[in-house]
Amino acid sequence: MVTHTPLPRQDVVPPAPVGAMISAAEVHKSYAVGRGTVEILHGVSLRVTPGEMVAVMGPSGSGKSTLLYCLAGLERATSGSITLAGKVVEELSATDLAVMRRGEVGFVFQSYNLIPTLTAVENVTLPYTLGKQKAPKDLVEQTLAKVGLTERASARPPSMSGGEQQRVALARVLAQQPRVIFADEPTGALDTRTGELVLDELAAQAHRPDQCVLVVTHDPKVAARSDRTLFMRDGLLVDELRGAGVGEVAAKLASLSVGREG
Ligand SMILES: Nc1ncnc2c1ncn2[C@@H]1O[C@H](COP(=O)(O)OP(=O)(O)O)[C@@H](O)[C@H]1O
Ligand SMILES: [Mg+2]
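Note that this is a predicted model, so its numbers are computed, not measured. (Residues numbered from 1 in each chain as written. Chains lettered and ligands numbered in written order. Predicted model: local features only at pLDDT ≥ 70, side-chain atom pairs only at ≥ 80, totals over all residues. Heavy atoms only, no water.)

Asks: Kindly report on the packing of helix α6 (residues 137-146) against helix α7 (residues 162-176), identifying the contributing residues and their values.
Replies: For the pair α6 and α7, the least separation of the axes is 9 Å and the interaxial angle reads 145°. In the packing of α6 onto α7, the handedness of the crossing is right-handed. Residue-level contacts link Leu139, Val140, Thr143 and Leu144 of α6 to Ala171, Leu174 and Ala175 of α7. (Axes fitted to C-alpha atoms, helices over the stretch in contact; angles between N-to-C directions. Helix = DSSP H or I, 4+ residues; strand = E, 2+ residues; numbered from the N terminus. Left-handed = near helix turned anticlockwise from the far one by under 90°. Contact = heavy atoms within 4.5 Å.)

Asks: Any chance you could break down the confidence of the model for the protein for me, citing the residues and the numbers?
Replies: Any region with low pLDDT has predicted coordinates that should not be read closely. Model confidence for the protein is summarised by a mean pLDDT of 91, while 92% of its residues fall at 70 or above. Contacts for the low-pLDDT stretch residues 7-15, under 50 throughout, to residues beyond four places or in other chains number eight contacts. (pLDDT = per-residue confidence, 0-100.)

Asks: Could you give an account of the site of ligand 1, with specific residues and numbers?
Replies: Close contacts around ligand 1 come from Tyr31, Ile40, Pro59, Ser60, Gly61, Ser62, Gly63, Lys64, Ser65 and Thr66, and that covers them all. The contact in question runs from an oxygen atom of ligand 1 to an N or O atom on the side chain of Lys64, over 2.8 Å. Within the contact set of ligand 1, an oxygen atom lies 2.9 Å away from a side-chain nitrogen or oxygen of Ser65. The fraction of the free accessible surface of ligand 1 (570 Å²) that becomes covered by protein chains is 59%. The biggest single contributor to the shell around ligand 1 is helix α2 (residues 64-71), with three residues. (Near = heavy atom within 4 Å. Polar contact = N/O pair within 3.5 Å; in protein donor to acceptor, adjacent residues only side chain to side chain. Areas by Shrake-Rupley, 256 points an atom, 1.4 Å probe, with all protein chains shown as cover.)

Asks: Give a description of the sheet that holds strand β4 (residues 79-84) that names residues and reports values.
Replies: One open sheet accounts for four strands, arranged β2-β1-β4-β5; its pairing is antiparallel. Here the strands that pair on one side only, and so sit at the sheet edges, are β2 (36-48) and β5 (87-88). As defined by bridge partners, strand β1 (residues 22-33) adjoins β4 across five bridges and the pair is classed as antiparallel. Bridge pairing links Ile22 to Leu84 in β4. Sitting on the sheet, α2 is in contact with β1, β2 and β4, with an inclination near 65° to β2. (Pairing = 2+ DSSP bridges.)

Asks: Give me the layout of surface pockets: which residues, what numbers.
Replies: Looking at the largest pocket, its volume works out to about 340 Å³. In terms of lining, the largest pocket is formed by 16 residues, of which the most central are Arg101, Phe109, Pro127, Leu130 and Arg172. At the level of elements, α3 (94-101), β6 (105-108), α5 (126-130) and α7 are the ones that each hand at least two residues to the lining of the largest pocket. In terms of residue count, the dominant contributor to the lining of the largest pocket is α7 (four residues). Residues that form the lining of the largest pocket fall into these classes: 10 nonpolar, three polar and three charged. (1 Å grid on protein atoms, 1.4 Å probe; cavity = no way out; pocket = protein on both sides within 12 Å on 5 of 7 lines; lining within 4 Å. Points joined across faces, edges and corners; volume = space filled by probe spheres on them. Nonpolar A, V, L, I, M, F, W, Y, C, P; charged D, E, K, R; others polar.)

Asks: Go over the state of the cysteines with me, naming the residues and quoting the values.
Replies: Taken as a whole and judged by the stated rule, the model has zero disulfides. In this model Cys70 remains outside any disulfide bridge; the closest cysteine sulfur is found in Cys212, 17 Å from its own. (Disulfide = S-S within 2.5 Å.)

Asks: Let's hear about the side chain of Glu185: which residues, and what values?
Replies: Within the secondary structure, Glu185 sits in the loop between β7 (180-184) and α8 (192-206). Here Glu185 is buried and forms no salt bridge, its nearest opposite-charge partner Lys64 lying at an N-O distance of 5.1 Å. What Glu185 contacts, discounting residues up to four positions off in sequence, is Lys64, Gln110, Gln166, Val216, Thr217 and His218. (Buried < 20%, exposed > 50% of the residue type's maximum accessible area, 1.4 Å probe, protein only. Lys, Arg positive; Asp, Glu negative; His and termini not counted. Salt bridge = Lys/Arg side-chain N within 4 Å of Asp/Glu carboxyl O.)

This is the structure we're talking about:
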């Protein structure tokens, strides 16, 4: 049972910032554990503006995936307010959220979330299929080519390597062209060169005027490609670097991870 009582919204929530693609104000998230609850996010506030690529880094278990799930409306925040592509997430129904996630909002899961019975190309076109829309054939072909999957278009996930599955998950979100892309460790299974290619694509999407990318990563190279990096520890955002290089990001992450698993 979640026992946390949300504060009245007007007490905690500043007006949604004009122009933000993602904004979060004092987001708390608790999970029911046994007879009680455990709070994972302790009041996270952030804002991502159009054209930005923002990375989130932090030790394992610090709440990065939970934050991404709440921001994307995959999990309901316990309290606080989130706006996403101009909509107030806590006011949206489950159906509204599902419609958003095959349209304006894309999510690359750490575990890929591919449908095992569908081919690579069918997985890529799934957001269109679910929305009863015809997938743009040229865009889908180009996207598969960009991630090096042209030859594997008819393969199904069980016959694919982890890296291939991750590239299908990325191709799906790139072909969807949502305004907001969330990506949870999107390069974890990729070799260096493929990882860089994918990063180029994510950055290109983010830097369009009406799009943005929020990426969780443990790779300082991904953070260094981002415009800003937010550092998370124990369910709170504790620091931020803007335009930092690989060394600076790695040093900051190490300072947060002292005495714990990275
Ligand atoms: N559904 C859940 N129920 C209970 N605890 C959870 C649940 N999901 C995540 N947690 C806990 O929340 C903490 C943060 O997890 P997570 O957001 O996955 O961290 P990260 O992505 O930074 O590694 C962990 O201690 C994890 O065990
Ligand atoms: Mg995680």
